[in-house]
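Observations on the three-dimensional arrangement
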Amino acid sequence: MRTFPDAKSVARAFEPEEPVILNRPHAARRAARFFVDRFPGKVLYAVKANPAPDLIEALWNAGVTHYDVASIAEVRLVRTALPNAVLCFMHPIKTRSAIAEAYHQHGVKTFSLDTFEELDKIVDACRDPETGDPASDLRLCVRLRVSSEHAQLSLAAKFGCDLTEAPALLQQARQHCDWLGVCFHVGSQAMSPFAFVQALDRTRAAIAEASVVIDMVDVGGGFPSIYPDLEPPPLEDYFQIIHQHFYALPIAYNAELWCEPGRALAAEYSSMIVRVDKRRGTELYINDGAYGALYDAAHVDWRFPVVALEDDLRDGEQDFAFYGPTCDDADYMAGPFPLPGDIQAGDYIEIGMLGAYGAAMKTGFNGFGDAQCVIVEDEPMMSLFDGSRRREASDNVVSLR
Ligand SMILES: *Cc1c(COP(=O)(O)O)cnc(C)c1O
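The paragraphs below set out a description of the structure included in this document. (Residues numbered from 1 in each chain as written. Predicted model: local features only at pLDDT ≥ 70, side-chain atom pairs only at ≥ 80, totals over all residues. Heavy atoms only, no water.)

**A closer look at unusual backbone geometry**
Residues other than glycine predominantly adopt negative phi, and peptide bonds predominantly adopt the trans conformation. Following Gly-335, the chain continues to Pro-336 via a peptide bond in cis, the omega torsion being 5°. Along the chain, Pro-336 turns up in strand 17 (residues 332-340). The phi angle at Asp-301 is positive, at roughly 55°, despite the residue not being glycine. Of note, the phi angle at Tyr-357 is positive, near 55°, even though the residue is not glycine. Along the chain, Tyr-357 turns up in the loop between strand 18 (348-351) and strand 19 (372-376). Of the residues examined, Tyr-357 reaches a relative accessible area of 14% and is grouped as buried. (Helix = DSSP H or I, 4+ residues; strand = E, 2+ residues; numbered from the N terminus. Buried < 20%, exposed > 50% of the residue type's maximum accessible area, 1.4 Å probe, protein only.)

Structure follows, in structure tokens:
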């Protein structure tokens, strides 16, 4: 990948007719170091946020040794990029062949589950193919259903067992492993650390009811990044609250604490250059959209930061909406996206904070989806990790309910 100082120099060098993804490995390394240094436990990268091998290597080089994978393709991808990484298969519904390949060929020992059927499937798929003996080194993790009320994107409906089912499932899973964990996900972009308090309260109830020994508590993802409408409290507040509530759980004295950030580690990694192909009033027709890296901008009205890359625009800012390149009316991003009022066809725009669930979600629908990738050395358009968001001393105490 070629390296440039910033988005403007890329636009000048290529005058690209297709979108260009701009990657910032330094920003990913900085986010990873922040989590590795300050989260009071082990940090797994949730690969689905962005599976780009260059990103995964940047995270590894910054100290992230464990990876949350959800499909056999993600298992193979991370295993190829990082032969020594610890992979944890954290999708609660897996195929038997995916489990067997992960365990027997890629050294995956940690699997999550939320039903008795999945427990049986895992135990069976990991048997010794010769002797039929059950695996003695499984590490199982029961996924609990928790609320998504503080999150921008819910993960509450689909996965996780209820408090009524959890105790029996924990007891049953304990029969098949020497290392048993509990995991959950509070929903993505959780805007309050209290999301984790509620979830850890549920965890406490499930563990107490089951009265089994718990070796690990995995608080999942949900750690926020920063976007124009979404400025979260400092991540240190999340870490501190999680730490306190973790210590109050009825678990083994040497139990581990894990987290699985996706968005928070990846968001600052990528931005994208798009070109305006047509202007109609305050609507700009650009060359990426709902089926490209702007899925969330179209489908959940996410506002990403934007900046025009031209030097000759003189007018003040005005609010624009975007149309993407496909022939579908739904390929529309309402924004609003503030840009100079005299922006026109042929001009370039940088759209920021697309490293998580943006760049990774580009499709080839309707023949659009090509993008080259380059490295840029400037700062991401917004950052939680560049030191600009130091906490006020007076603001240093998190009030606990
Ligand atoms: C998506 C996902 C994550 C990452 O979530 P973020 O909100 O991006 O941090 C972590 N764990 C699991 C099981 C997931 O499905």
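Now that the structure has been shown, we can carry on.
**A word on the sheet that holds strand 3 (residues 42-46)**
The parallel closed barrel is built from eight strands, whose spatial order is 3-4-5-6-7-9-11-12. Here the average twist between neighbouring strands, direction ignored, is 25°. Alignment of strand 9 (residues 179-183) against strand 11 (residues 216-218), held across three bridges, turns out to be parallel. Directly across from Val-182, in strand 11, lies its bridge partner Val-217. The strands that helix 7 (residues 166-174) touches are strand 6 (110-113), strand 7 (139-143) and strand 9; relative to strand 9, the one it contacts most, it runs at about 155°. (Pairing = 2+ DSSP bridges. Axes fitted to C-alpha atoms, helices over the stretch in contact; angles between N-to-C directions. Contact = heavy atoms within 4.5 Å.)

**As for the layout of surface pockets**
Left-over empty space is what a probe sized like a water molecule reveals as it rolls over the atoms. Volume-wise, the largest pocket comes out at about 690 Å³. Lys-48, Leu-155, Phe-159, His-185 and Tyr-357 are, among the 32 residues lining the largest pocket, the residues nearest its centre. If you list the elements that add at least two residues to the lining of the largest pocket, you get helix 10 (263-266) and helix 11 (295-299). Here the residues of the lining of the largest pocket are counted per class, giving 17 nonpolar, seven polar and eight charged. (1 Å grid on protein atoms, 1.4 Å probe; cavity = no way out; pocket = protein on both sides within 12 Å on 5 of 7 lines; lining within 4 Å. Points joined across faces, edges and corners; volume = space filled by probe spheres on them. Nonpolar A, V, L, I, M, F, W, Y, C, P; charged D, E, K, R; others polar.)

**Examining helix 4 (residues 72-81)**
By the burial criterion, the buried members of helix 4 are Ile-72, Glu-74, Val-75, Val-78 and Arg-79. All buried residues of helix 4 fall inside an arc of 155° around its axis, so they share one side. (Arc of directions from axis to C-beta.)

**Observations regarding the site of the ligand**
Around the ligand lies a shell of 13 residues, among which Lys-48, Ser-188, Glu-260, Arg-263 and Tyr-357 are the nearest. Separating an oxygen atom of the ligand from a side-chain N or O atom of Ser-188 is a distance of 2.5 Å. (Near = heavy atom within 4 Å. Polar contact = N/O pair within 3.5 Å; in protein donor to acceptor, adjacent residues only side chain to side chain.)

**Quick look at the packing of aromatic side chains**
Taken as a whole and assessed by the stated rule, the structure comprises 22 aromatic pairs. Measuring from ring centre to ring centre gives 5.4 Å for Phe-39 and Phe-239, while their planes differ by 85°; the resulting arrangement is edge-to-face. On the criterion of sequence distance, the pair formed by Phe-39 in the loop between helix 2 (25-38) and strand 3 and Phe-239 in helix 9 (residues 235-247) is long-range, its members being 200 residues apart. What makes Phe-39 buried here is its relative accessible area of 3%. Arranged with centres 5.9 Å apart and planes meeting at 70°, the rings of Phe-223 and Phe-239 form a pair that is edge-to-face. Linking Phe-223 in the loop between strand 11 and helix 9 with Phe-239 in helix 9, this pair joins segments that are 16 residues apart in sequence. Accessibility classification places Phe-223 together with Phe-239 in one group, the buried group. Pairwise contacts between aromatic rings join Phe-34, Phe-35, Phe-39, Phe-196, Phe-223, Tyr-238, Phe-239 and Phe-385 into one cluster. Residue placement shows Lys-94 over the ring face of Phe-89; its charged tip is 5.8 Å from the ring centre. One cation-aromatic arrangement involves Arg-139 over Trp-179; the distance from NZ or CZ to the ring centre is 3.9 Å. (Phe/Tyr/Trp six-rings, centres within 6.5 Å; stacked < 30°, edge-to-face > 60°. Lys NZ or Arg CZ within 6 Å of the ring centre and 35° of its normal.)

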